[in-house]
Amino acid sequence: MIVRQVQNVFQILELFASRRSAATLTEIADHFGWPRSSTFNLIETLCSSGFLYEPKFRGGYYPSMKLLKLANDAIAGGPISERLRACIAHIAQRTDETAALCALSGPQTIFVEVVESSSPIRYFAQIGQRVPTHTTSAGRALLSLLQKKERTVILQKCEWIRYAPETIMTIDALHEEIEQSQKRGWAQNINGFEPDLVGLAVPVNLEDRQFSMMVAGPSYRMKNRIPELVQILKDEVAGYLRDRTENE
């Protein structure tokens, strides 16, 4: 269930991120097609909390540094270390394909760190993007860390839509695919989420956290490189786990 007012607040912040200039109440309301009264209430709430201010009297609103500080403080104490971020950067650099660190969010998987390929033809992804857990290599790698009963609970909540020609359409078939992933130590998705897209992912199982490291790109570049790309993923995971053990 989506709480509309919370969603509206984040949409306002995303508007500022895209326009990078102050916006008046009228501009914000007109941009989203919202009533002036409800837009005013949202703006007033954000201003009274110190998250928005007026750079110039009646010249519009803009986010304050409080928002940045709050975000930095929250992330600094979070589960994603600079070392993990470096792994994703290394994968993207070594493969020249889009790499991502992913976490499970029920029937969806969220990208918590992304480095895109430098190629003009690439898999486009961004931090915060959510993709179906059952149809993606990142999601399947995460599901491979769970017991079958736990996986089933999640899969029953998935939308079984045919996204691409090779989309797996049943829970039983997905269980079989994940069991194969467990045996080989990595998950794949070939033309099952987007046509002509290949995704490969390796699970990262920590005591209090579970992630997957993924690389994805167009089939014509990826399919003949699968063993090489999987080895790069495994190398990065192994290196991270080794460094983590040595520093504890």
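These lines cover the structure that appears in this document, whether it is placed above or below. The structure displayed is predicted, hence computed values, not measured ones.

Structural notes on the overall build of the protein
Summing up its helical and strand segments, the protein has ten helices and eight strands in all. Along the first, second and third principal axes, the C-alpha set of the protein runs to 65 × 45 × 40 Å. Counting only residues that meet the buried cut, the protein has 43% of its 248 residues in that class. A total accessible area of about 13600 Å² is found for the protein, and carbon and sulfur atoms account for 53% of it.

Brief notes about the packing of helix α2 (residues 25-32) against helix α3 (residues 36-48)
Where α2 contacts α3, the two axes come as close as 9 Å, and the packing angle between them is 120 degrees. With respect to α3, the axis of α2 lies oblique. Considering how the two elements wind past one another, α2 and α3 form a crossing that is right-handed. Seen from α2, the contacting residues are L25, T26, I28, A29 and D30; seen from α3, they are R36, T39, F40 and I43. For the contact of α2 with α3, the residue count by class is five nonpolar, two polar and two charged.

Concerning the pattern of salt bridges
Under the counting rule described, the total for this entry stands at twelve salt bridges. Between E82 and R85 there is a salt bridge, with the nearest N and O atoms lying 3.1 Å from each other. A residue pair is termed a helical-turn pair when its members lie 3 or 4 positions apart in one helix, as E82 and R85 do in helix α5 (residues 82-95) at three residues. Judged by its relative accessible area of 59%, E82 is exposed. Across the pair R184 and E177 runs a salt bridge, and its minimum N-O distance is 3.2 Å. Note on E177: relative accessible area 14%, which makes it buried.

What about the pairing of strand β8 (residues 210-218)?
Counting buried positions over the nine residues of β8 gives eight, a clear majority of the element. Taken together, the five bridges between strand β3 (residues 98-105) and β8 define a ladder with antiparallel strand orientation. Paired with A99 across the bridge in β8 is V215. As judged from the nine bridges shared by strand β7 (residues 197-205) and β8, these two strands associate in the antiparallel manner. Bridging across to β8, A201 finds its partner in M214.

What to know about the state of the cysteines
Following the criterion strictly, the structure yields zero disulfides and no others. Unpaired in this structure, C102 has its nearest cysteine sulfur neighbour in C87, at a distance of 13 Å. In this structure C102 comes out as buried when scored by relative accessible area, which is 0%.

Some points on the packing of aromatic side chains
Applying the stated rule across the entire model yields three aromatic pairs. Judged by centre distance (5.7 Å) and plane angle (75 degrees), the ring pair of F16 and Y62 falls under edge-to-face. Of this pair, F16 sits in helix α1 (residues 4-19) while Y62 sits in strand β2 (residues 62-63); the two residues are 46 residues apart in sequence, bridging distant segments of the chain. Ring geometry for F32 and W34: centres 4.2 Å apart, planes at 15 degrees, overall stacked. For F32, a relative accessible area of 23% gives the class partly exposed. Residue classification places W34 among the buried positions, given a relative accessible area of 15%. Cation over ring: K66 sits above F51, and NZ or CZ is 4.7 Å from the ring centre.

Things to note about unusual backbone geometry
A positive phi angle, close to 55 degrees, is found at D96, a residue other than glycine. The topology assignment puts D96 in the loop between α5 and β3. You can call D96 partly exposed: its relative accessible area is 36%.

Focus: the nonpolar core
Ranked by internal contacts, the top residues of the largest apolar core, which has 26 residues, are L101, L200, F211 and M213. Counting residues per element, this core draws most heavily on helix α10 (residues 226-247), at six residues. Judged by nonpolar contacts, the second largest core, of 16 residues, contains L142, A187, L197 and M214.

A short note on helix α7 (residues 148-155)
All buried positions along α7 are accounted for by R151, I154 and L155. Buried residues of α7, viewed axially, fall in a sector of 95 degrees; they line one side. Buried residues belonging to α7 abut β3, α6 (137-143) and α8 (171-184).

Basis of the calculations
- Residues numbered from 1 in each chain as written.
- Predicted model: local features only at pLDDT ≥ 70, side-chain atom pairs only at ≥ 80, totals over all residues.
- Heavy atoms only, no water.
- Helix = DSSP H or I, 4+ residues; strand = E, 2+ residues; numbered from the N terminus.
- Buried < 20%, exposed > 50% of the residue type's maximum accessible area, 1.4 Å probe, protein only.
- Areas by Shrake-Rupley, 256 points an atom, 1.4 Å probe, with all protein chains shown as cover.
- Axes fitted to C-alpha atoms, helices over the stretch in contact; angles between N-to-C directions.
- Parallel < 35°, antiparallel > 145°, perpendicular 65-115°, else oblique.
- Left-handed = near helix turned anticlockwise from the far one by under 90°.
- Contact = heavy atoms within 4.5 Å.
- Nonpolar A, V, L, I, M, F, W, Y, C, P; charged D, E, K, R; others polar.
- Salt bridge = Lys/Arg side-chain N within 4 Å of Asp/Glu carboxyl O.
- Pairing = 2+ DSSP bridges.
- Disulfide = S-S within 2.5 Å.
- Phe/Tyr/Trp six-rings, centres within 6.5 Å; stacked < 30°, edge-to-face > 60°.
- Lys NZ or Arg CZ within 6 Å of the ring centre and 35° of its normal.
- Core = buried A, V, L, I, M, F, W, Y, C linked by side-chain atoms within 4.5 Å.
- Arc of directions from axis to C-beta.

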